[in-house]
Amino acid sequence: MAEAQTIPAESDALRRVLDAIDEHGLRDNIIELEAHGFTTVKGVLSEAQIERAKSAILARVEKHVGREINLETATAEDFQGMTYVPYLLYDDEIFEEILMEPKPLALITYLLGESCLLSSMGCHFKGPGGMPLPLHSDNGNGIPAPFAAFSQVANVNYALTPYNREGGALALVPGSHKLGRGPRLDEMGLGDGGNPKAVAMDIDPGDAVIWHGNSWHGSFVREIPGIRMNLAVYFNRQYIQTQERHGDVVPDDVRERHANDTRFLNLLGAKQPYGWQKTGPDYSKFALMPRGLYD
């Protein structure tokens, strides 16, 4: 009789990841992620969470532009096109709460492993007019083609206002995560004459779209009055540089609120061993380094 094979330690991490998927009823979402490169989880955020996040983001934008903006009736004269509002995590405790929403985080962990990091949290604040956001892969930020088949970065995009094509919705190209490259110039366009394979995410406030880092995505021009707001929560594997700085600059009150929440602190780099100065490396953190795709 052949000897039983030793089950690698990586399978323990995979078991934990899949247990979380089952706990939250996300098996169908995993199938969609594998087949299409993205999936939607309905009704993740409550109405109260949505309103608080919108208020915090609007306050930042109005302070920046120096005037009030009506989210329902704004025209291109009031606010044209899209701007990115960065580094929102520390603006309001609601963003800490959203970061830890269990269903999207379980899917992100499936894609990136238990040691993944928060790369950035911001809002694509979009008024009427302007230009579409061309299709692209988030791997375009320094990861050369051909892309690895596994996800190295991944995104959670929360709709804070209704998403539809005329409203400037997020666009994704099903199956593009399997191509192993970013789009060519002739494949990047959206709208009339653009990439015919791109689909608009027609979703409601509080829904979350999660996608594999290889997937091609962008957003359509907003053609109607009002503002489209999202919350884009971007993650990466531990060996990739985050877009935003966290780690040693996490505010003390945030650390104190989450002192017993290891996952929250790890998302902000608590066990990241790199970035040392004259004191040298903390070797205890190297024992916590991931050993596989799931950790």
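Data block above holds the structure.
Here the residue index of a chain counts from 1 through its sequence in written order. Local features in a predicted model are, by the rule used here, given only for residues with pLDDT of at least 70; side-chain atom pairs are given and counted only at 80 or more, and totals for whole chains, interfaces and linings are based on all residues. Note that the side-chain values use all heavy atoms of the structure and ignore hydrogens as well as water.

> Please set out the sheet that holds strand 5 (residues 153-159) residue by residue, giving values where relevant.
Taken together, the six strands give an open sheet; going across it, the order is 1-8-5-10-3-2, and neighbouring strands pair in antiparallel fashion. On the outer flanks of this sheet lie strand 1 (38-41) and strand 2 (82-85), each paired with one strand and no other. Adjacent strand axes in the sheet meet at a mean angle of 20 degrees when their direction is disregarded. When strand 5 meets strand 10 (residues 230-236), the two strands line up antiparallel, connected through seven bridges. From the neighbouring strand, Tyr158 faces strand 10, where its bridge partner is Leu231. Contacts between helix 2 (residues 27-36) and the sheet are confined to strand 1 and strand 8 (208-212), with strand 1 contributing the most and set at about 150 degrees to the helix. The contact rule is simple, with two residues in contact once any of their heavy atoms fall within 4.5 Å. The angle between two axes is taken between their N-to-C directions and runs from 0 to 180 degrees, where each axis is a line fitted to C-alpha atoms and a helix contributes only its stretch in contact. Only DSSP runs of H or I reaching four residues or more are called helices, and only runs of E reaching two or more are called strands; each is numbered from the N terminus. Along the sheet, helix 3 (residues 47-65) makes contact with strand 2, strand 3 (117-126) and strand 10, crossing strand 3 at roughly 65 degrees. Two strands qualify as a pair provided that DSSP identifies no fewer than 2 bridges between them.

> Give a detailed account of helix 3, specifying residues and quantitative values.
Given 3.6 residues per turn, any residue in an α-helix points the same way as the ones three and four places further on. The terminal C-alpha atoms of helix 3 lie 27 Å apart, and with 19 residues this matches the ideal 27 Å at 1.5 Å per residue to within 8%. Residues of helix 3 that are buried: Gln49, Ile50, Ala53, Lys54, Ala56, Ile57, Leu58 and Val61. Just beyond helix 3, the residue with positive phi is Gly66, at close to 80 degrees. Expected helix span is given by 1.5 Å per residue-to-residue step, counting one fewer step than there are residues. For every residue, the accessible area (1.4 Å probe, protein chains only) is compared with the maximum for its type, and the residue is labelled buried under 20%, exposed over 50%, or partly exposed between those bounds.

> Account for the packing of aromatic side chains, with residues named and values stated.
Each pair of aromatic rings taken from Phe, Tyr and Trp, with Trp reduced to its six-membered ring, is defined by centres within 6.5 Å and is described as stacked if the planes are under 30 degrees apart, edge-to-face if over 60, and tilted in the remaining cases. Inspection of every chain in the model, using the stated rule, returns seven aromatic pairs. Here the aromatic rings of Tyr274 and Trp276 are separated by 6.2 Å at their centres, their planes lie at 45 degrees, and the arrangement is tilted. What makes Tyr274 partly exposed here is its relative accessible area of 49%.

> Pulling in residues and values, what's your account of helix 1 (residues 10-23)?
Counted at 1.5 Å a residue, the expected span for helix 1 with its 14 residues is 20 Å, and the 20 Å between its end C-alpha atoms agrees. Listed as buried for helix 1 are Ser11, Ala13, Val17 and Ile21. On an axial view of helix 1, the arc spanned by its buried residues comes to 155 degrees, and they lie on one face. Looking at the buried side of helix 1, the elements it contacts are helix 2 and helix 5 (102-112). Trailing helix 1 by a residue or two, Gly25 shows a phi angle of about 65 degrees, which is positive. Within this analysis, the arc is defined by the directions that extend from the helix axis to the C-beta atoms.

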